[in-house]
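Residues per chain are reported as follows:
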Amino acid sequence: MRLRTTFKCLRHSVELSKRSVISPPHRLFSDVVAGEASSKPKRYKYPAVYDPFGPRPPPSDKVLQLADRIVALPPEELKQIGPTLLERLNQPKLQPISAQGFSFGPQTGAAPAKAEEKKVEKTAFDVKLEKFDAAAKIKVIKEVRTFTNLGLKEAKDLVEKAPVMLKQGVTKEEANEIIEKIKAAGGVAVME
């Protein structure tokens, strides 16, 4: 009995697939009407050039004649068309764009203009401890602690690594003060 019901279910599913009651996925979105199984889907022609603004009407005869007259003009008069049209149509004049600050790679035709460049004055300086007297090590460590806000151990480790950068990005006056204090303590510092 069970075998018979299983066989009937299988036969029924085969018949349903033959009838195509359920459309296959490739036919769901086609332009074919459900009753017309023999007709082919519509094929759309794609334009040779994509135009994002859609189809445009053809230009009028007046515009075509004007275009022919412009093409026939000599090169000197062709150069005058743009500025004249801008003036007649009350359009603002185009301003030149500055290329200052942009690098366009090596320029072969231009001579280097390094003489015109101004030297930029340095505003931030670095203080470097070059060396120190072994007898004045403790005094140098105390001075380093005053302007670096380091603890005793960190300042000692920093001084023992000499030559080492003590402070970076300070003004010229502040750098000179630090150098003088380290010199008075028994060390040698330089400004970079």
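See above for the structure.
Residues numbered from 1 in each chain as written. Predicted model: local features only at pLDDT ≥ 70, side-chain atom pairs only at ≥ 80, totals over all residues. Heavy atoms only, no water.

### A closer look at the overall build of the protein
We apply this condition: In this description a helix means any DSSP run of H or I spanning at least four residues, a strand means any run of E spanning at least two, and both kinds are numbered starting from the N terminus. Buried, partly exposed and exposed residues are distinguished by accessible area as a fraction of the type maximum, computed with a 1.4 Å probe on protein chains only: under 20%, between the cut-offs, and over 50%, respectively. By the convention used here, residues are in contact when the closest approach between their heavy atoms is within 4.5 Å.
If you tally the helices and strands in the protein, you get 7 helices and 3 strands. Across the 192 residues of the protein, 11% fall into the buried class. Of all intrachain contacts in the protein linking residues separated by at least 6 positions in sequence, the fraction that spans at least 24 positions is 62%.

### Details of the side chain of Thr148
Heads up, the rule is: Throughout this description, a polar contact denotes any pair of N or O atoms lying within 3.5 Å of each other; where both atoms belong to protein, one of them has to be capable of donating a hydrogen while the other can accept it, and for residues adjacent in sequence the pair is counted only when both atoms sit in side chains.
Tracing the backbone through its elements, the reader meets Thr148 in helix α5 (residues 137–148). The class for Thr148 is buried, based on a relative accessible area of 18%. Polar side-chain contacts of Thr148 include one of 2.5 Å to the backbone oxygen of Val144.

### Quick word on unusual backbone geometry
With an omega of 5 degrees, the peptide bond between Ala162 and Pro163 qualifies as cis. Inspection of the secondary structure assignment puts Pro163 in the loop between α6 (152–160) and β2 (164–170). Its identity as a non-glycine residue notwithstanding, Asn90 has a phi of 60 degrees, on the positive side. Checked against the element boundaries, Asn90 lands in the loop between α4 (75–88) and β1 (125–132). The exposed category is assigned to Asn90, whose relative accessible area is 68%. Located in the positive-phi region is Asn149, a residue other than glycine, with phi close to 55 degrees.

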